[in-house]
Each structure stands twice: as structure tokens, then as C-alpha cells.
Amino acid sequence: MKHDELDNRIDKGSTTTLVLDVKDPHSRGDAISKAATILQNGGLVAFPTETVYGLGANALNEKAVKSIFAAKGRPADNPLIVHISKWEEALPLVSSFPEIARLLAEKFWPGPLTMVLPVSSAVPKVVTAGLDTVGIRLPANEYAREMIRTAGVPVAAPSANVSGSPSPTSAEHVYHDLAGKIDLILDGGSCEVGVESTVLDLAGPVPVILRPGGTPVEELLKYLPDLIVPGLEIAETEGVPRAPGMKYRHYAPKAKLLLVVGEVDKVAAAIRKEIASWQARRSKVAVLASKENAAQYKADIVIVLGERERPQEAAQHLFAALRELDDSGANIILAECTEQAGLGYAVMNRLWKASGGDIIRAR
Ligand code: TXA
Ligand code: MG
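What you see is a predicted model; the values in this text were computed from it and never measured. (Residues numbered from 1 in each chain as written. Chains lettered and ligands numbered in written order. Predicted model: local features only at pLDDT ≥ 70, side-chain atom pairs only at ≥ 80, totals over all residues. Heavy atoms only, no water.)

## Quick notes on the overall build of the protein
Point 1. For the protein, the helix and strand inventory stands at 10 helices and 15 strands.
Point 2. For a compact globule of 363 residues, the expected C-alpha radius of gyration is about 21 Å, and the protein comes in at 20 Å, within 12% of that figure.
Point 3. Counting only C-alpha atoms and orienting by the principal axes, one finds that the protein spans roughly 60 × 55 × 35 Å.
Point 4. Looking at the protein alone, contacts between residues at least 24 apart form 68% of all its contacts between residues at least 6 apart.
Point 5. On the protein, roughly 15200 Å² of surface is accessible, and the fraction owed to carbon and sulfur atoms is 51%. (Helix = DSSP H or I, 4+ residues; strand = E, 2+ residues; numbered from the N terminus. Rg over C-alpha atoms; globule rule 2.2 N^0.38 Å. Contact = heavy atoms within 4.5 Å. Areas by Shrake-Rupley, 256 points an atom, 1.4 Å probe, with all protein chains shown as cover.)

Structure representation (C-alpha cells):
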């Protein structure tokens, strides 16, 4: 974010939102200590993580946590993840920290993994939406960890977007959604992972993926051979425990998004055909494409998400692309399916959700 542009900003709410650069070593110390003070005093701070930006409050301050829900317009029955700066800080927040959690913490923390564990009485009900479990995450982003360590409190934080819109992967995205509603944004540049953490339920009889994300399930399966990995229609699968958040409409662009699935060549052919037929109906057509296929699409807007075999590139660019399309006036978005290995599973899950289940099967 260009910081000189902020002097003439217009606040959209009643709070003045400060933006401080945490990348610059000269301003970092001040930015972190300001953030820590705001958190200690019950305020709201948006901060970078390796996945997406979070909107943080002191997790032990019920009133502060309530104000997160208000700023985002988030339903109260959707629990928040509690962020910590070293694994031992999880212990007072949970009623048990099983051996497997200890092993996974050693292997995957700091990193994009949220572990759902039985909650202790120290955590206010508003954080967990009254559930008997709590999601805990130790982020890899060093500014996030430094902020939490300096504040000296666990930090409850959902993604720092207005409820329903794509998660923010830059300080600009946060500013767009929440300026005037929160106290501070720490600008740490773009998030390198780009999709949210993997949410893993360890509180039940068998481990279950509640949300695919930044930690690939293939990696988790090495330590959890009986892990339950739901399909892409995760939110709709009956009888499978799910993250309450997955039931809400998410990442929904203003335009209709159609997800095109099938073999590579057939997907490209189907998209070319769809482009022609929507343009014949005077629609402004956008395509979310792989680098390899992009050149063959004669659409109004073509956004390249990355190389087909490198789904981590699509993960990094997906949410910014959805936001860009909202500003573009496109009426229809055709999205190529990606490889489902690695981060591709999370990318496909988000595309599936953005499509609301509108899928074209290319034959
Ligand atoms: O990468 C991330 O996880 C980011 C960054 C900021 O850490 N946070 C994030 O938070 O994505 P949020 O609130 O947007 O998504 C949290 C998801 C929701 O689907 C929520 O329902 C689920 O995690 N969740 C949180 N606590 C849970 C619990 N105790 N049981 C089941 N699901 C839970
Ligand atoms: Mg979210």
C-alpha cells in the first residue's frame, strides 16, 4: 500500500483507521508496539499472516471479540480461530492437548494449520460460538507472531474481510472492506499462501478436515492415516462434521461464476464455447485461466492464476482475482478447474463455493 496516499483518505465509519508499515525495519518496532497496545486495550487490529490477513482482538476479552463480529457483519454462530505465538500458549486454552496435537504442532507449526481441540473454561463463549471446541493456530508470519508475543494475549481472528466477500490477501483489501470500522491495519505486503489455513478437527473419535487450506492434506495423511477428507462439496455433505463457517455463502463474486471441470483439453474447449455463447448474449465474460490455456480464450477479461501444475500459484492469486473481477463489471466468470493435489484441493474448494455449485462438466 502506498502510505503517502493515506493522508487524504476518507473514513467510511466512525473510527479512524490507522495503517502502519510493518515491513519497513524503521517503522516495524513502533507499528508492532502500537498494535499490541490496541489489542491490550480491547481494540481491533488487522494483521498479515502467511495465509490471509486476520482481524484480531484479545481472545480473552469478550467485548473486544464481540466487536470483531460487528465490524465484519459476521453471524455469531461462526466461531473464531485463536492465534498464538508459541505452541505452549495453546495449553491454557484447551482442556486437553493430545499427543497427536503435540506431534502435528512440531511438524506443521508455525504454519497454515488450525487444530480444533476441546476448549478450556478460559476462553469466552463468544469466541467458540458456544461450541465445546476451539480452533488454535500458530501462524508462520513473523510480524503476526511478534505482535501476539508483544501483546502477551492470545488473539482471536477471522479473515479481515466483510463477511461473504473474498478473504483479504493485501492491506489494500482490508482497507477497502474495513476502513472506519477498525483501529489499525498492519501492512505486511501480500500474503504468500493466499488461501486460509487448513482446519483439522482433532476433538472427535477420528481426525476430520473441516476446511481444506494452506497445509496440504497429503502432508497430514503421513501422520494421520485415518484422516477423513471430504469431497469438494464439503459444506453439503450430510453427516460429516463441518466447520460452521462452511455453511455460509462465501467468496461470492457479484458476477455468476461457473466452474468448468474435466480433462484439460475438454475444459478449454468447453470454455471457448461458453465464451462465444455468453458474448452472443451481450454478457461481459471473464475467465480465470491457467497460464498454459490463457492465450486461447477470447474473452473480455482473462486473468491468469498460474501454471496448471503449480496450484500454489492459483492459491496465491485467487482472492485478489475475485476482487478484481468485482470491480471489472464482468457478468459471467468461467473458471478452469485446477489440479487437485497440494493446494489445488483448497483452490477447488474455494472456486466450488464461489460458484454456489454451478458446475459445467466438460465432455
Ligand atoms: O488462515 C486462516 O485460518 C485465517 C487467518 C487470519 O488465520 N483465518 C480464517 O478465519 O480464515 P475465519 O474465521 O475466516 O475462518 C475460520 C473457519 C471457519 O470456517 C470456522 O467455522 C472454523 O474455522 N472454525 C473455527 N473454530 C472452529 C471450531 N471450534 N470448530 C469447528 N470449526 C471452527
Ligand atoms: Mg473468513
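## Comments concerning the layout of surface pockets
Over the atoms, a rolled probe matching the size of one water molecule traces out where space is still vacant.
Point 1. Of the volumes computed, that of the second largest pocket is approximately 160 Å³.
Point 2. Every residue lining the second largest pocket is listed: Ser 165, Pro 166, His 173, His 176, Asp 177, Arg 323, Asp 326 and Asp 327.
Point 3. Secondary structure elements with two or more residues in the lining of the second largest pocket: helix H6 (171-178) and helix H9 (311-328).
Point 4. Taken together, the residues that form the lining of the second largest pocket break down as one nonpolar, three polar and four charged. (1 Å grid on protein atoms, 1.4 Å probe; cavity = no way out; pocket = protein on both sides within 12 Å on 5 of 7 lines; lining within 4 Å. Points joined across faces, edges and corners; volume = space filled by probe spheres on them. Nonpolar A, V, L, I, M, F, W, Y, C, P; charged D, E, K, R; others polar.)

## Quick notes on the packing of H9 against helix H10 (residues 344-355)
Point 1. For the pair H9 and H10, interaxial distance at closest approach is 8 Å and the crossing angle is 35°. Read as a crossing pair, H9 and H10 show a hand that is left-handed. Facing Pro 311, Ala 314, Ala 315, Leu 318 and Phe 319 of H9, the residues of H10 in contact are Gly 344, Val 347, Arg 350 and Leu 351.
Point 2. Taken together, the residues of the contact of H9 with H10 sort by class into seven nonpolar, one polar and one charged. (Axes fitted to C-alpha atoms, helices over the stretch in contact; angles between N-to-C directions. Left-handed = near helix turned anticlockwise from the far one by under 90°.)

## Quick look at the environment of Leu 104
Point 1. For Leu 104, the position within the fold is in helix H3 (residues 99-108).
Point 2. Of the residues examined, Leu 104 reaches a relative accessible area of 0% and is grouped as buried.
Point 3. Apart from residues no more than four positions distant in its own chain, Leu 104 is found in contact with Trp 109, Leu 113, Met 115, Leu 200, Leu 202, Leu 220, Tyr 223 and Leu 224. (Buried < 20%, exposed > 50% of the residue type's maximum accessible area, 1.4 Å probe, protein only.)

## Examining the pairing of strand E11 (residues 256-261)
Point 1. Extensive coverage of E11 is indicated by the burial of five of its six residues.
Point 2. When E11 meets strand E14 (residues 332-336), the two strands line up parallel, connected through five bridges. Looking across to E14, one finds that Leu 258 is bridged to Leu 334.
Point 3. Across three bridges, the pairing between E11 and strand E15 (residues 359-361) is parallel. (Pairing = 2+ DSSP bridges.)

## Some remarks on the domain arrangement of the protein
Point 1. With domains assigned, the protein is organised as domain 1 (8-235) and domain 2 (256-361).
Point 2. Between domain 1 and domain 2, the contact holds 30 residues from the first and 17 residues from the second.
Point 3. Carbon and sulfur atoms make up 60% of the surface buried where domain 1 meets domain 2, a total of about 1900 Å² over both sides.
Point 4. In terms of surface lost to domain 2, no three residues of domain 1 exceed Pro 166, Pro 212 and Leu 232, which account for 35% of the buried area on that side.
Point 5. Seen at the junction of domain 1 and domain 2, the total is two salt bridges.
Point 6. Between Asp 177 and Arg 323 there is a salt bridge, and its shortest N-O distance comes to 3.1 Å.
Point 7. Scanning the region where domain 1 abuts domain 2 turns up eight residue pairs in polar contact (both at pLDDT 80 or more).
Point 8. Elements represented by at least two residues in the side of domain 1 that touches domain 2 include exactly H6 and helix H7 (217-221).
Point 9. In terms of residue count, the dominant contributor to the side of domain 1 that touches domain 2 is H6 (three residues).
Point 10. Within the side of domain 1 that touches domain 2, the residues separate by chemical class into 14 nonpolar, 10 polar and six charged. (Domains from an automatic or database assignment. Buried area = accessible area lost by both parts, 1.4 Å probe. Salt bridge = Lys/Arg side-chain N within 4 Å of Asp/Glu carboxyl O. Polar contact = N/O pair within 3.5 Å; in protein donor to acceptor, adjacent residues only side chain to side chain.)

## Some details on the packing of aromatic side chains
Point 1. Evaluation of the coordinates by the stated rule reveals two aromatic pairs.
Point 2. On the numbers, 5.6 Å between centres and 25° between planes, the contact of Trp 87 with Phe 97 is stacked. In this pair, Trp 87 sits in the loop between strand E4 (81-83) and H3 while Phe 97 sits in the loop between E4 and H3, placing the two residues 10 residues apart along the sequence.
Point 3. Looking at Phe 97, the relative accessible area reads 10%, which means it is buried.
Point 4. On the numbers, 5.7 Å between centres and 85° between planes, the contact of Phe 108 with Tyr 223 is edge-to-face. Here Tyr 223 lies in the loop between H7 and E11 and Phe 108 lies in helix H3, a separation of 115 residues in the sequence. (Phe/Tyr/Trp six-rings, centres within 6.5 Å; stacked < 30°, edge-to-face > 60°.)

## What about the environment of Glu 309?
Point 1. Mapped onto the elements, Glu 309 comes out in the loop between strand E13 (301-306) and H9.
Point 2. Judged by its relative accessible area of 59%, Glu 309 falls in the exposed class.
Point 3. Taking the C-alpha atoms as reference, Glu 309 lies 9.0 Å from Ala 341; in sequence the two are 32 residues apart.

## Looking at the sheet that holds strand E5 (residues 113-118)
Point 1. An order of E1-E8-E2-E3-E7-E4-E6-E5-E9-E10 is seen for the 10 strands of this open sheet, with the pairing classed as mixed. Looking along the sheet, the strands with just one partner apiece sit at the ends: strand E1 (18-21) and strand E10 (208-211).
Point 2. Where E4 and strand E7 (residues 155-156) come together, two bridges link them in antiparallel fashion. What sits directly across from Val 82, in E7, is Ala 156.
Point 3. Across the sheet, H6 is in contact with E1, strand E2 (45-47), strand E3 (54-58) and strand E8 (184-187); its angle to E8 comes to roughly 165°.

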